[in-house]
Amino acid sequence: MKFIQILEEPIEPGGLVEWMPYVPGGLGSWSHDSRLTSHNHEQHLRSAFEYRLRTRREGGRESWLGLSIEFDEPLSIPAIRSTLMTWIDRHEVLRSHVVIKGDGLQRLSTDEGTVKLKMGRIGWYTQSGPLVEQIAGAFDRATAPLHWPAYMFATVGREDSFTLLFAADHSLVDGYSLIMAQQELVTLYRSARDHTEPDLPTVGSYVDFSAEERRQADQTGADHPAVATWSSFLRSGRGSLPGFDYRHGGADTDSGTGTDELIPAEADDGSVPQDSITGVILDDDAANRFTAVCSQAGGTLTAGVLAAFAIVYHERTGDPEFRCVLPRHTRDHTRWLTALGWFVAVAPFCLDVSDSPTFDQAVTRATAELKRSRQGASLPFLRVADLIDYQGEPHFVISFIDTRYAPGAAAADAGRAKVLRSHSYATDEVFIWINRTPSGMRVSARFPARTTATVGPTVDSTTEVNNLTSTVIDEAADADTPGSVRAYLGRFTELVRAIGDSSTFGAANAPGAQPSN
């Protein structure tokens with residue numbers, strides 16, 4: 001399943017309809033809700049409010065995630081309307097809103113069945129470019145976190161097919177939510193079309209989860225294990241969270257800029273959208289071979305991916321440690337598995353590479369570090385930061401998700417669905433997502449751009465991925481952050497391919513292999 005910046009791929013032209021949720025009577029008809037707001041959500045709201053006060057505008061800080069689903073049949077207006085309204089009723093987070101009141105917050109919620117949909121026919125598009133730009137702009141405007149709704153839907157109808165699109169502010173959803181949601185929406189649509197009851201599991205409410213998480217976190221003191229884990233990590237980084245610096249020499253350069261100081265983009269006012277790149281690293285067979293090597297070294301695929309990133313980083317920079325931040329989901333009960341929401345904590349990751357370890361050695365160390373540092377995600381980082389009086393946010397983040405076991409994963413990976421993301425305008429963040437899908441291993445990344453406001457190349461075939469590993473890109477690694485990230489991903493791709501190629505997993509004549517019948 002692809003994870004792309006929305007402008008990176010075309011949408012087949014057709015008739016565009018926008019679907020906006022509303023409640024008759026507006027927020028004045030909603031009920032006051034005493035359930036607490038998560039730390040993530042509160043910081044997200046306050047950052048948006050501060051940005052509005054400082055700039056007197058809300059555009060330019062989009063932070064939405066979305067979904068695109070392809071249907072091989074004509075669009076039924078009654079069925080899609082029923083689908084979306086049922087989905088809103090199913091996920092309470094879409095019927096709840098938090099407003100800032102002075103130093104406090106007030107949650108408002110509305111009952112099932114109260115949210116309606118306004119259908120707006122935008123027009124017929126004969127070219128993909130203007131269509132994608134219209135949808136992207138509408139999503140940017142509709143997902144401001146200080147307003148309700150901070151989400152919207154769109155459909156693009158054609159004679160024999162249609163596309164369903166959805167976008168929501170990050171405070172309402174995470175990537176895992178959308179990986180699970182694509183099959184749920186397909187199921188709801190087919191049931192609405194056929195007038196049958198959907199076969200879906202009971203789902204919990206993120207509003208309940210966030211209230212309980214906040215209550216427990218606020219009752220926690222500095223003796224929590226997560227505090228010690230993060231304090232140790234910050235001390236090892238001279239008091240800072242890690243940044244990205246892939247230049248020769250790394251922390252030993254004359255400038256003194258180390259991995260804890262991200263190379264700034266040329267434009268530092270946040271007016272230029274980040275660059276972006278997506279692509280296929282390994283096909284399924286190659287990913288299985290790489291996984292087999294990781295297993296033989298006593299680690300998981302996650303440990304192998306992080307070990308490879310660490311080795312590549314050390315090769316170029318010479319830094320004795322590889323440091324980054326890892327997202328970890330907090331869906332610790334079955335009722336949260338398919339719930340929409342921001343079920344994400346973060347954990348530190350630090351790998352000793354001072355002795356230039358072999359891949360097997362790096363996997364062993366990564367396995368131990370993943371086990372040790374996972375305690376860091378047992379308490380929201382913002383609560384930890386409050387307890388130790390730390391101010392700062394992650395700058396260098398690597399995420400790994402295995403989507404193969406999600407409902408409908410094979411169909412989604414074959415092109416039925418994509419997870420979408422908005423522009424980011426951060427001047428000091430490098431985010432890398434590695435996804436293991438039914439067809440192989442995919443990468444998506446965003447990073448500070450040059451002053452030209454263009455989206456980076458989409459890498460979506462073996463030929464194009466090979467371009468990512470060219471020496472031409474590597475030569476640009478010392479020039480700027482975009483060149484550095486491309487070079488880093490290129491060398492990472494080369495390494496995991498080479499490691500996988502060294503495996504005899506699945507080979508017909510490998511020792512112990514059984515002949516096929």
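In this text, all values refer to a predicted model and were calculated from it rather than measured experimentally.

## Some words on the overall build of the chain
The helix and strand tally for the chain stands at 14 helices and 16 strands. By the burial criterion, 56% of the 517 residues in the chain qualify as buried. Restricting to contacts in the chain with at least 6 residues of sequence separation, those with at least 24 account for 79%.

## Structural notes on the sheet that holds strand β9 (residues 162-169)
Pairing is mixed across the open sheet formed by seven strands, whose spatial order is β1-β14-β4-β9-β8-β2-β7. Since the sheet does not close on itself, it has two edges, and those belong to β1 (2-5) and β7 (116-124), each with one partner. When the angles between neighbouring strand axes are averaged without regard to direction, this sheet yields 20°. When strand β2 (residues 15-22) meets strand β8 (residues 151-157), the two strands line up antiparallel, connected through five bridges. Each bridged residue has a counterpart across the sheet, and for leucine 16 the counterpart in β8 is valine 156.

## Comments concerning the pairing of strand β15 (residues 430-437)
With eight of eight residues buried, β15 is to be regarded as a mostly interior element. Neither face of β15 is open: one carries Val430, Ile432, Ile434 and Arg436, the other Phe431, Trp433, Asn435 and Thr437, and all of them are buried. Taken together, the seven bridges between strand β13 (residues 396-402) and β15 define a ladder with parallel strand orientation. Paired with aspartate 402 across the strands is arginine 436, a residue of β15. Note: β15 against strand β16 (residues 440-447), seven bridges, orientation antiparallel. Across the sheet, the residue bridging to isoleucine 434 is valine 443, located in β16. The turn joining β15 and β16, which pair antiparallel and follow one another in sequence, is formed by two residues.

## A closer look at the pattern of salt bridges
Following the criterion strictly, the structure yields 26 salt bridges and no others. Where arginine 446 meets glutamate 429, a salt bridge forms, and the shortest distance between an N and an O atom there is 2.9 Å. Here arginine 446 is found in strand β16, whereas its partner glutamate 429 is found in the loop between β14 (417-421) and β15, with 17 residues between them in sequence. Under the relative-accessibility criterion, arginine 446 is labelled buried at 12%. Note on glutamate 429: relative accessible area 14%, which makes it buried.

## Topic: the confidence of the model for the chain
Caution applies to low-pLDDT regions: their predicted coordinates should not be interpreted in detail. Overall, the predicted model of the chain reaches an average pLDDT of 89, with 87% of residues at or above 70. Ignoring residues within four places in sequence, the model shows residues 470-476, a span with pLDDT below 50, making nine contacts including any to other chains. Segment residues 508-517 is flagged for pLDDT under 50; beyond a separation of four residues in sequence, or across chains, it makes three contacts in the model.

## Remarks on helix α9 (residues 359-373)
Helix length check: α9 (15 residues) gives 20 Å between terminal C-alpha atoms against 21 Å at 1.5 Å per residue, within 8%. Every buried residue of α9 is accounted for by Phe359, Ala362, Val363, Ala366, Glu369, Leu370 and Ser373. What you see down the axis of α9 is that its buried residues fit within an arc of 130°, all on one side. Buried residues belonging to α9 abut α6 (225-236), α7 (284-296), α8 (301-317), β11 (321-329), β12 (344-352) and α14 (481-501).

## What to know about the packing of aromatic side chains
Going through the model one piece at a time under the given rule, you end up with 35 aromatic pairs. Relative to phenylalanine 233, the ring of tryptophan 230 has its centre 5.8 Å away and its plane inclined at 85°; by these criteria the two rings are edge-to-face. Linking tryptophan 230 with phenylalanine 233, this pair stays in helix α6, spanning three residues, or about one helical turn. An identical accessibility class is assigned to tryptophan 230 and phenylalanine 233; each is buried.

## A word on the sheet that holds strand β6 (residues 104-109)
If you walk across this open sheet you meet the three strands as β3-β6-β5, and the pairing is antiparallel. Lying at the two open borders of the sheet, with one neighbouring strand each, are β3 (31-33) and β5 (96-101). Between one strand axis and the next, the sheet turns by 40° as a mean value, whatever way the strands run. As paired strands, β5 and β6 are joined by six bridges and run antiparallel to one another. Bridged to valine 98 within β6 is arginine 107. Against the sheet, helix α1 (residues 39-55) contacts β5 and β6, and its axis sits at roughly 55° relative to β5.

## Points about the environment of tyrosine 246
Within the secondary structure layout, tyrosine 246 lies in the loop between α6 and β10 (275-283). Look at tyrosine 246 and you get buried, because its relative accessible area is 2%. Residues tyrosine 246 and tyrosine 313 lie 67 residues apart in sequence; the distance between their C-alpha atoms is 6.6 Å.

## Here we look at α6
The end-to-end C-alpha separation of α6 is 17 Å, in line with the 16 Å expected for twelve residues at 1.5 Å each. Residues of α6 that are buried sit in contact with β11, β12, α9 and α10 (381-388). Just beyond α6, the residue with positive phi is arginine 238, at close to 55°.

## Describing the environment of isoleucine 277
Structurally, isoleucine 277 can be placed in strand β10. Sequence separation between isoleucine 277 and phenylalanine 447 is 170 residues, and the spatial gap between their C-alpha atoms is 8.9 Å.

## Remarks on the side chain of threonine 83
The topology assignment puts threonine 83 in helix α2 (residues 77-90). Its relative accessible area of 1% is what places threonine 83 among the buried residues. Ignoring anything within four residues of it in the chain, the contact list for threonine 83 reads Leu185, Leu188, Tyr189 and Ala192.

Thresholds, definitions, all that
Residues numbered from 1 in each chain as written. Predicted model: local features only at pLDDT ≥ 70, side-chain atom pairs only at ≥ 80, totals over all residues. Heavy atoms only, no water. Helix = DSSP H or I, 4+ residues; strand = E, 2+ residues; numbered from the N terminus. Buried < 20%, exposed > 50% of the residue type's maximum accessible area, 1.4 Å probe, protein only. Contact = heavy atoms within 4.5 Å. Pairing = 2+ DSSP bridges. Axes fitted to C-alpha atoms, helices over the stretch in contact; angles between N-to-C directions. Salt bridge = Lys/Arg side-chain N within 4 Å of Asp/Glu carboxyl O. pLDDT = per-residue confidence, 0-100. Expected span 1.5 Å × (residues − 1). Arc of directions from axis to C-beta. Phe/Tyr/Trp six-rings, centres within 6.5 Å; stacked < 30°, edge-to-face > 60°.

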